[in-house]
Amino acid sequence: MTKSLVRRASTALSPLVLLIATAVPAHARDASPPTSAATAINPQTAAAKAWNFAASDVPVDPNIVFGVLPNGMKYALLQNSTPKDSVVLRMRFDVGSFAEADDQRGLAHFLEHMAFNGSTNVPEGEMIKLLERKGLAFGADTNASTGFDETVYKLDLPNASDDLIDTGLMLMRETASELTIDPAAVDRERGIILSERRARDTYQLRNLIDQLDFQMQGMKVASRIPVGTEEVIKTAPAARLRDLYDRYYRPERATLVMVGDFDPAVVEAKIKARFGDWRGRGPAGPDPDIGTIDYRRAAAADDFIDPAIQDMVTIAAFKPWVEEADTKAKRARTLAEDVGEAIVSRRLAKIALREDSPILAGYFAEAGGWKVFDQVTFGAVAKEGAWKEALALIEQEQRRAIQHGFTQAEVDEQLANRRTAFKNAVAGVTTRRSDALADTLVAAAKGDFVFVRPETSQALFEATAPSLSAAAVTAAFRKRMNGLSAPLARVSAKKPIEGGTEAILAALRASTQVAVAAPTQAANAAFAYDNFGTPGKIVSDNRVEDLGIRRIRFANNVMLNIKKTDFQKETVYLSVRVDGGNLLATRDDPTRVALAGSMVLGGLEAHSVDDLRSILAGRTVSPNFGSGADFFGGTATSSPGDFALQAKLMAAFLTHPGYRADGLALIRRVLPQQYAANDATPAAVIGRDAGGILANDDPRSQTPPLEKLMTLDWTQLKPVVADSFAKGAIEIGVVGDIDEQAAIDAIAATFGALPERRAAFDPRADARVREYASDRSERTLIHKGPAEQAELRVYWPARDDSDLAEAMRLNLLVRVMQLKLTEELREKLGESYSPGAAASLSDEFPGYGHLFAASNVDHKDLATTRAAIFAIARELRDAPVDQDLLDRARKPLVEAMTKSRRENAYWLNYVAEATSQADRLDRSRKGIGEVEAATPADLQTLARRYLVDDKALVIKAVSDKAGK
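Since we're looking at a predicted model, the values are computed, not measured. (Residues numbered from 1 in each chain as written. Predicted model: local features only at pLDDT ≥ 70, side-chain atom pairs only at ≥ 80, totals over all residues. Heavy atoms only, no water.)

Enquirer: Explain the sheet that holds strand 21 (residues 789-797) to me, please; I cannot follow it from the model alone.
Expert: Pairing between the strands of a sheet comes from backbone hydrogen bonds, and it takes one of two forms, parallel or antiparallel. The sheet built from five strands is open, its strands ordered 20-24-21-23-22 with mixed pairing. Looking along the sheet, the strands with just one partner apiece sit at the ends: strand 20 (779-783) and strand 22 (836-841). Each neighbouring strand pair of the sheet contributes to a mean axis angle of 20°, computed without reference to strand direction. Where strand 21 meets strand 24 (residues 953-959), six bridges bridge the pair, whose relative direction is antiparallel. From the neighbouring strand, glutamate 791 faces strand 24, where its bridge partner is alanine 957. Packed on one face of the sheet, helix 27 (residues 862-878) meets strand 21, strand 23 (849-858) and strand 24 and runs near 25° to strand 21. (Pairing = 2+ DSSP bridges. Helix = DSSP H or I, 4+ residues; strand = E, 2+ residues; numbered from the N terminus. Axes fitted to C-alpha atoms, helices over the stretch in contact; angles between N-to-C directions. Contact = heavy atoms within 4.5 Å.)

Structure below.
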């Protein structure tokens with residue numbers, strides 16, 4: 001919804017940053033285009049000026065073709081082959097909700113919708129269909145977003161054919177200058193946008209608006225949330241949309257970015273031919289005046305109360321923005337500042353792990369706002385009711401950092417992390433993802449930073465790092481914090497604060513009177529788990545030749561499956577599965593393994609979680625060990641050089657779990673915050689209750705009472721998991737850029753060295769019994785959001801996924817249903833922004849699964865939505881699917897399946913179980929073929945079998961305020 005605010009942030013981000021941030025602030029630009037003569041004389045100079053890297057001494061990536069057309073439109077092209085044979089298009093317009101007049105609030109976002117609703121050469125309703133016929137899925141491959149200062153249109157082309165590239169460029173040009181903005185089409189779209197606005201009207205958005213209004217007084221930010229006002233969306237005439245479009249959708253405000261498997265010279269010629277004659281209509285709109293911050297404002301406080309909100313405290317301060325080119329000197333200074341800021345976040349994270357801590361998490365963040373202000377924020381998620389203690393804690397940690405600075409050990413830890421990140425980025429330079437590169441180029445279009453290759457970033461880091469002593473980082477941080485405005489303290493809480501904002505200010509003043517001591521720094525220990533015994537011997541070694549999977553069994557029965565890939569250079573995925581998991585829960589004791597999912601917080605016997613963060617600094621290793629439906633363990637991403645250490649860490653969690661009290665205390669602080677939001681929105685209350693309803697009220701599928709979870713203890717978990725941890729079957733999956741022998745050696749020295757395990761996973765047939773709801777009566781769930789918010793879901797019992805052909809056809813069937821729902825509920829009725837349909841076919845519980853259709857709607861539209869869903873089900877039963885509709889569902893699905901085969905994550909799903917579930921490998925071999933072979937008659941047969949009215953179970957979520 002919203003974008004642009006952040007320059008950079010340290011290891012944790014504030015809620016504000018998470019909700020409305022991108023990499024850099026807006027780039028204020030002259031609306032007048034460069035002259036054609038200047039462009040013709042020296043196009044490279046013109047491009048460097050337009051992209052704002054002419055004045056920088058930081059070398060721009062030489063592989064990118066930067067350009068600017070005579071009309072002022074910028075473009076950037078980069079040939080990249082990850083994923084292979086695909087192209088990513090992004091078109092950014094330098095206009096967002098800031099440009100709206102009072103009677104246009106929400107129309108920048110409305111315009112984004114109209115781009116899909118008719119243009120000179122693409123009739124209303126045809127753009128999405130056109131793209132679907134070419135293999136693009138609406139939402140996944142075709143999307144757009146509107147922020148305060150930009151609107152970005154996105155196309156992810158599944159192949160790099162001339163036809164698709166030409167189509168993508170044609171559609172971007174249609175969006176740029178050819179939208180019809182027909183009044184009747186505008187009226188038809190109002191309901192969809194109102195539905196989107198209704199869905200976004202949550203406690204989080206209300207909290208954000210309150211925060212912006214408090215912190216950024218004097219600016220338009222809080223009054224220009226892009227989703228707009230209900231009155232404007234309902235009543236604004238098409239002429240007001242046309243006004244915004246003509247004044248701001250202009251070549252001098254446009255940037256086209258393309259990254260993918262294409263010849264840049266060929267594509268550049270296409271861009272010049274397609275966009276060269278584009279001219280703006282009428283007078284250009286000015287850069288909007290968005291106001292400014294009162295930097296002399298006195299210290300102030302604000303509170304936001306909502307029963308679902310996280311208890312949070314923040315202290316923010318501002319200073320004026322200083323315009324500065326992206327230079328080597330700036331990057332060196334910024335690195336020193338970043339290290340200091342990251343240390344502050346690291347200190348708060350350490351405090352959050354203390355057993356008696358009043359906070360759950362803490363952070364330092366900074367943001368630059370649209371070339372107006374520079375903001376720093378200290379913040380923390382507080383234990384429920386502990387706002388005063390949390391506020392004092394972050395205030396004192398801020399002063400501690402300023403007064404006493406940092407230690408060299410702290411600096412070295414942060415430098416090690418950054419050095420490894422740069423090293424990994426350089427190693428993976430040839431397999432950078434096109435979408436990530438394109439999005440970074442879109443951000444660079446604002447002109448605030450130079451787009452560089454990873455090698456350049458690494459070289460700049462290494463040139464600066466030796467000078468970053470503790471004293472240097474301390475000095476940079478103090479300078480960074482100098483000259484800030486008075487603090488603005490803010491508390492969000494579930495219950496009213498006694499004394500209100502005056503109490504918050506009083507607590508802040510009282511904290512400032514507390515002296516702060518220099519931090520203590522414990523010496524880092526060496527990792528304690530380096531030897532697991534004699535490496536295991538291989539007793540079985542074979543290959544699945546067509547899939548490139550090697551399967552090994554060690555003498556202790558540990559199974560290892562390896563697939564070497566080149567999709568991501570220097571990246572390795574590791575999966576560990578230990579027999580057991582959530583199947584150990586019982587009807588009588590459904591929470592007996594609930595804590596297993598959070599075992600990492602308990603650390604290891606020799607190391608706490610915080611210890612591990614320091615010990616593992618600079619290594620591409622992460623602690624990850626929890627539980628799944630039928631296993632204990634987890635997945636982690638590492639590098640070839642650190643893979644052996646990652647394997648040792650995972651093995652240590654199996655053999656020496658810590659079960660530490662501080663981890664349990666953190667869990668008990670977190671749970672009340674999570675549960676508070678369980679009934680705040682329609683989706684939340686359905687997420688809480690639907691699983692239990694569908695599983696015939698099986699307590700293992702229900703959300704357990706908070707009171708029960710708060711009584712759980714590590715001592716209760718230990719005996720339940722003991723047998724699995726000591727003797728349960730183990731299967732390891734490894735996928736990525738790693739030498740097979742290196743992977744074998746690492747696993748042989750860890751899991752392969754353990755005492756003998758059981759040879760196979762326990763089928764646990766009794767635990768795998770799940771019954772579908774026998775009571776099909778309609779259920780009404782109550783949420784505590786706005787009165788008009790409602791959600792309707794219709795479930796039909798289906799089957800498990802054991803029959804590949806039927807499973808693939810059911811997935812295709814619900815894709816067809818999704819398209820029909822979108823056409824009926826979104827396009828025709830205008831009742832829902834994002835109706836959906838899906839199949840959930842279990843691979844864990846035999847015979848268990850369902851199909852469902854869902855829609856977030858206005859409470860008053862529940863009946864018509866319900867009728868529409870059942871009517872679509874009836875249509876699918878009564879007649880074969882239209883061939884064009886089937887193709888529009890099938891082609892994006894096939895393209896997505898084909899594309900996913902070039903991803904490590906896809907293969908890890910198969911490799912993780914390639915020995916214990918070898919029969920499932922056929923799904924990789926045959927899945928696409930089954931989708932391609934499906935006929936309209938096949939889908940009608942399935943619809944008649946499953947989409948039966950008297951088998952349907954309807955669940956609706958309505959507000960406790962509805963009808964009042």
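Read on for the rest.
Enquirer: Even after reading the chapter, I still don't get the packing of aromatic side chains, so can you show me in this structure?
Expert: The relative placement of two aromatic rings is captured by the distance of their centres and the angle of their planes. All told, the structure shown has 28 aromatic pairs when counted by the stated rule. Ring centres 5.3 Å apart and planes at 75° place the aromatic pair phenylalanine 406 and phenylalanine 477 in the edge-to-face group. Linking phenylalanine 406 in the loop between helix 13 (387-404) and helix 14 (408-427) with phenylalanine 477 in helix 17 (residues 470-481), this pair joins segments that are 71 residues apart in sequence. The pair phenylalanine 406 / phenylalanine 477 is uniform in exposure class, with both members buried. Against the face of tryptophan 51 rests lysine 74, its NZ or CZ located 4.9 Å from the ring centre. Taking the ring centre of tryptophan 907 as reference, the NZ or CZ of lysine 563 above it sits at 4.4 Å. (Phe/Tyr/Trp six-rings, centres within 6.5 Å; stacked < 30°, edge-to-face > 60°. Buried < 20%, exposed > 50% of the residue type's maximum accessible area, 1.4 Å probe, protein only. Lys NZ or Arg CZ within 6 Å of the ring centre and 35° of its normal.)

Enquirer: I'm lost on the packing of helix 14 against helix 16 (residues 454-464) in this one. Help?
Expert: How two helices pack is summed up by the angle between their axes together with the distance between the axes. At a closest axis distance of 8 Å, the pairing of helix 14 and helix 16 adopts a crossing angle of 155°. When the axis of helix 14 is compared with that of helix 16, the two are roughly antiparallel. Crossing of helix 14 over helix 16 shows left-handed handedness. Residues Leu415, Arg418, Arg419, Phe422, Lys423, Ala425 and Val426 of helix 14 form the contact with helix 16, whose participating residues are Pro454, Glu455, Ser457, Gln458, Phe461 and Glu462. Partitioned by chemical class, the residues of the contact of helix 14 with helix 16 number six nonpolar, two polar and five charged. (Parallel < 35°, antiparallel > 145°, perpendicular 65-115°, else oblique. Left-handed = near helix turned anticlockwise from the far one by under 90°. Nonpolar A, V, L, I, M, F, W, Y, C, P; charged D, E, K, R; others polar.)

Enquirer: I keep staring at the sheet that holds strand 17 (residues 626-627) and nothing clicks. Help me out?
Expert: Strand order in this open sheet of seven strands is 13-14-15-19-16-18-17, and the pairing throughout is mixed. Since the sheet does not close on itself, it has two edges, and those belong to strand 13 (538-544) and strand 17, each with one partner. Two elements, strand 13 and strand 14 (residues 549-554), share six bridges in a ladder whose sense is antiparallel. Its bridge partner being in strand 14, aspartate 541 is matched across the sheet by isoleucine 552. In this fold helix 29 (residues 904-911) packs onto strand 14, strand 15 (559-564), strand 16 (572-579), strand 18 (631-638) and strand 19 (730-736), with an angle of close to 155° to the strand it touches most, strand 19.

Enquirer: I'm lost on the nonpolar core in this one. Help?
Expert: Burial of nonpolar side chains together is a common tendency in soluble globular proteins. Counting 60 residues, the largest nonpolar core has Ile732, Val734 and Phe751 as the members making the most contacts within it. Per element, the largest residue contribution to this core is nine residues, and it comes from helix 20 (residues 643-655). When residues no more than four places from it in sequence are discounted, the contact partners of phenylalanine 751 are Asn556, Val558, Val576, Ala647, Met650, Ala651, Leu654, Ile730 and Ile732. Membership of the second largest hydrophobic core comes to 57 residues, among which are Leu131, Leu179, Leu244 and Ile271. (Core = buried A, V, L, I, M, F, W, Y, C linked by side-chain atoms within 4.5 Å.)

Enquirer: Explain the packing of helix 20 against helix 25 (residues 740-749) to me, please; I cannot follow it from the model alone.
Expert: Interaxial distance between helix 20 and helix 25 falls to 9 Å at its minimum, and their mutual angle equals 30°. Classified by the angle their axes make, helix 20 and helix 25 are roughly parallel. Once helix 20 is placed against helix 25, the crossing between them reads as right-handed. Every residue of helix 25 that contacts helix 20 at Phe643, Ala644 and Ala647 is listed here: Ala743, Ala746 and Ile747.

Enquirer: Looking at this structure, how should I read the environment of glutamate 395?
Expert: Position of glutamate 395 relative to the elements: it lies in helix 13. Glutamate 395 sits in the buried class, given a relative accessible area of 5%. Distance in space between the C-alpha atoms of glutamate 395 and alanine 489 is 9.7 Å, their sequence separation being 94 residues. With near-sequence residues (within four places) excluded, glutamate 395 lies in contact with Ile315, Leu508, Ser511 and Thr512.

Enquirer: Sorry if this is basic, but what is going on with unusual backbone geometry here?
Expert: Following threonine 82, the chain continues to proline 83 via a peptide bond in cis, the omega torsion being 0°. Turning to its location among the elements, proline 83 is positioned in the loop between strand 3 (74-79) and strand 4 (87-93). The phi torsion at isoleucine 181 lies on the positive side, around 50°, for a residue other than glycine. Secondary-structure assignment places isoleucine 181 in the loop between helix 6 (162-177) and helix 7 (183-200). Judged by its relative accessible area of 5%, isoleucine 181 is buried.

Enquirer: Just to check I follow, could you spell out the pattern of salt bridges for this structure?
Expert: Oppositely charged side chains can form a pair if their charged atoms are brought close together. Tallied over the full model, the rule gives 89 salt bridges. Measuring nitrogen to oxygen at the nearest pair gives 2.8 Å for the salt bridge that ties arginine 490 to aspartate 302. Placement of the pair is arginine 490 in strand 12 (residues 488-493) and aspartate 302 in strand 8 (residues 300-305), with a sequence separation of 188 residues. Considered together, arginine 490 and aspartate 302 belong to a single accessibility category, that of buried residues. Of the charged contacts in the structure, one is a salt bridge between arginine 577 and aspartate 630, with a shortest N-O distance of 3.3 Å. With arginine 577 in strand 16 and aspartate 630 in the loop between strand 17 and strand 18, this pair connects stretches of sequence that are 53 residues apart. (Salt bridge = Lys/Arg side-chain N within 4 Å of Asp/Glu carboxyl O.)

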